[in-house]
Amino acid sequence: MKVTALNQKHKDLGAKMVPFAGYEMPVQYAGVNQEHFAVREKVGVFDVSHMGQFFIKGEKSTELLQHLLTNDVTKVAIGQAQYNAMPNEKGGIVDDLIIYKMSDDEWLAVVNASNIDKDWEWMNKHNTFGAELTNKSDEMSLLAIQGPKAIEAMQALTDINLAEIPFYHFVVGKFAGIDNVIISATGYTGSGGFEIYFANEAANEMWDKVMEAGQSFDIEPCGLASRDTLRLEKGYCLYGNDINDDTNPFEAGLGWVTKLDTNFISSDILSAIKEAGVEKKLVGFKMIERGIPRHDYKVVDDNENTIGIVTSGTQSPMLKQGIGLAYVHTDFAKVGTTIRIQIRDKNVLAEVVKTPFV
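For clarity, every value in this text was computed on a predicted model and none was experimentally measured. Each chain carries its own residue numbering, running from 1 in the direction its sequence is written. For this predicted model, a pLDDT threshold of at least 70 governs which residues receive local features, and a threshold of 80 or more governs which side-chain atom pairs are given and counted, while totals over whole chains, interfaces and linings are taken from all residues. Excluding hydrogens and water, the side-chain values take into account all heavy atoms of the structure.

Draft legend 1. Region of the structure containing the overall build of the protein. A count of helices and strands for the protein gives 8 helices and 20 strands. In summary, the protein has a C-alpha radius of gyration of 21 Å against a globular reference of 21 Å for 358 residues, a match within 12%. Considering the protein as a whole, with its 358 residues, one finds that 56% of them fall into the buried category. Pairs of residues are marked as contacts when any of their non-hydrogen atoms sit within 4.5 Å. Residue pairs in contact within the protein that sit at least 24 positions apart in sequence constitute 65% of those at least 6 positions apart. Areas reported here follow the Shrake-Rupley algorithm with a probe of radius 1.4 Å; residue values treat only the protein chains shown as occluding. On the protein, roughly 15600 Å² of surface is accessible, and the fraction owed to carbon and sulfur atoms is 47%. Taken as two groups, the 34 positive and 49 negative side-chain charges of the protein have centres that lie 5 Å from each other. Only runs of H or I of at least four residues qualify as helices and only runs of E of at least two qualify as strands under DSSP, and these elements are numbered from the N terminus. Here the globule rule reads 2.2 Å times residues to the power 0.38, and the radius of gyration is calculated from C-alpha atoms. Only protein chains enter the accessibility calculation, which uses a 1.4 Å probe; a residue is then buried when its area is under 20% of its type maximum, exposed when over 50%, and partly exposed in between. In this charge count, Lys and Arg are treated as positive and Asp and Glu as negative; neither His nor the chain ends contribute. Think of each charge as sitting on NZ of Lys, CZ of Arg, CG of Asp or CD of Glu.

Written out as structure tokens, the structure reads:
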């Protein structure tokens, strides 16, 4: 199993470690709820160094990405990031990812940990543009410093005005005395903050300085379990749960990042799917009756006919209520529709709601 450069730090802090996407990762420290509320109300830090980083360089780097991705990459300015889906030849999703425009002829693509090898192979297979691809996933570390106090807590570590980095933009500079850090106003929690990318060699020093700077703001180290409850409260998709090679962007509610006129791989197939309409849709739902929905639980109607499947579910720490995402037949996808989740041997009442939940 792979480890991040901060593996020993997590163990020293008493984190519960679990296997995730081929890595040994911290799932929790003090507890899921405590970490969840630290991010919602103050500041929390996640080691997400298991994510993949690919650099794409060359005159035709933009053309390659335009061919590979559903969003219009020509609209991205230097210093800006963009959320994207990478479709396969059938219109399914190879991965969802964020791209960063470093310069006119250099990009960084940040991919899901479980898809690093698959994505690398896919991008290289379709690189008929002569772009230069470099996989730096094993050389780089990534911390997500998230929460409403993140900027205030971290400002002492850099001369860059963190409050002036707009959402989905980034700056490269000195942070915690370390050069060439990518400081990005992105994250997977919906509570503000940023993500910082740097070389593995600086990981321990960076962690210590971040924790020290955040001490007076009650910073908490956070694990994968609270990352999951946080992202789910915001209705963010998790690859492997809510989207995969067999789901298309229109079913998944990712039509907003699917620009059909950019001539990407399978854009013709997705155009036909959009025109015909989809048979199922990813929806958010809240439990009306007591119960915690989980991945792969069946969704049924009042007559016990199967109408869908839960892809993500949890007890929301903020709402103190069961919430989830599910693919349901489009007849049941309208906000306000009541559905039932099969929890053990009971069909428990729930309602389709608009996301985000919080």
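Draft legend 2. Highlighting the packing of aromatic side chains. A pair of Phe, Tyr and Trp rings is counted when the ring centres sit within 6.5 Å of each other, with Trp represented by its six-membered ring. The angle between the planes then sorts it: under 30 degrees is stacked, over 60 is edge-to-face, the rest tilted. In the structure shown here, the tally under the stated rule is 7 aromatic pairs. Ring plane angle 75° and centroid distance 5.4 Å describe the contact between Tyr100 and Phe170, whose orientation is recorded as edge-to-face. Highlighted residues: Tyr100 in strand β7 (residues 93-103) and Phe170 in strand β11 (residues 170-175), separated in sequence by 70 residues. Owing to a relative accessible area of 8%, Phe170 belongs among the buried residues under this scheme. Of note, Lys136 hangs over the ring of Phe55, and the distance from its end group to the ring centre comes to 5.4 Å. We count a charge as sitting over a ring when the NZ of a lysine or the CZ of an arginine lies within 6 Å of the ring centre and within 35 degrees of the ring normal. A cation sits over an aromatic face here: Lys280 above Tyr327, 4.9 Å from the ring centre.

Draft legend 3. Highlighting the sheet that holds strand β2 (residues 16-20). Pairing is mixed in the open sheet, where 3 strands are placed in the order β1-β3-β2. With partners counted over all chains shown, the strands left at the sheet margins are β1 (2-3) and β2, one partner each. As defined by bridge partners, β1 adjoins strand β3 (residues 23-28) across 2 bridges and the pair is classed as parallel. Across the sheet, Lys2 pairs through a bridge with Tyr23, a residue of β3. Working convention: axes come from line fits to C-alpha atoms, limited for helices to the stretch in contact. Angles between N-to-C directions cover 0 to 180 degrees. On the sheet, helix α7 (residues 224-233) packs against β2 and β3 and is oriented at approximately 65° with respect to β3. Pairing between strands is defined by DSSP: at least two bridges between them are needed.

Draft legend 4. Highlighting the UniProt feature "domain: Aminomethyltransferase C-terminal" (unreviewed entry) in the protein. In the numbering adopted here, UniProt assigns the feature "domain: Aminomethyltransferase C-terminal" (unreviewed entry) to residues 280-358. Along residues 280-358, the helical share is 0% and the strand share 57%, with 24 Å between the first and last C-alpha atoms. UniProt positions are given in the numbering used here, feature names are shortened, and annotations may be inferred rather than shown by experiment.

Draft legend 5. Representation of the pairing of β11. Of the strand pairs in this sheet, β11 and strand β12 (residues 178-184) are connected by 5 bridges, and their pairing is antiparallel. Counterpart to Val172 in the pairing with β12 is Ile182. Here β11 folds back onto β12 in antiparallel fashion, the turn holding 2 residues, of which Ala176 has a positive phi close to 55°.

Draft legend 6. Molecular detail of the sheet that holds β7. As summarised here, the arrangement of the 5 strands in space is β6-β7-β8-β5-β9, forming an open sheet in which the pairing is antiparallel. Edge positions in the open sheet fall to β6 (81-87) and β9 (132-135), since each of these has one partner strand only. Neighbour-to-neighbour, the strand axes of the sheet open up by a mean angle of 30°, direction not taken into account. Where strand β5 (residues 52-57) and β9 come together, 4 bridges link them in antiparallel fashion. Each residue of the ladder has a partner; that of Ile56, found in β9, is Leu133.

Draft legend 7. Looking closely at the side chain of Glu220. Inspection of the secondary structure puts Glu220 in strand β14 (residues 220-222). No salt bridge is formed by the buried Glu220, whose closest oppositely charged neighbour, Lys42, lies at an N-O distance of 6.7 Å. Of note is the side chain of Glu220, whose polar atom sits 2.8 Å from the side chain of Gln34. Filtering out sequence-adjacent residues up to four positions away, Glu220 remains in contact with Ala30, Gln34, Ala38, Val43, Gly44 and Val45. Any Lys or Arg side-chain nitrogen found within 4 Å of a carboxyl oxygen on Asp or Glu counts as a salt bridge. Here a polar contact means two N or O atoms within 3.5 Å. Within protein one must be a hydrogen donor candidate and the other an acceptor candidate, and residues neighboring in sequence count only if both atoms are side-chain atoms.

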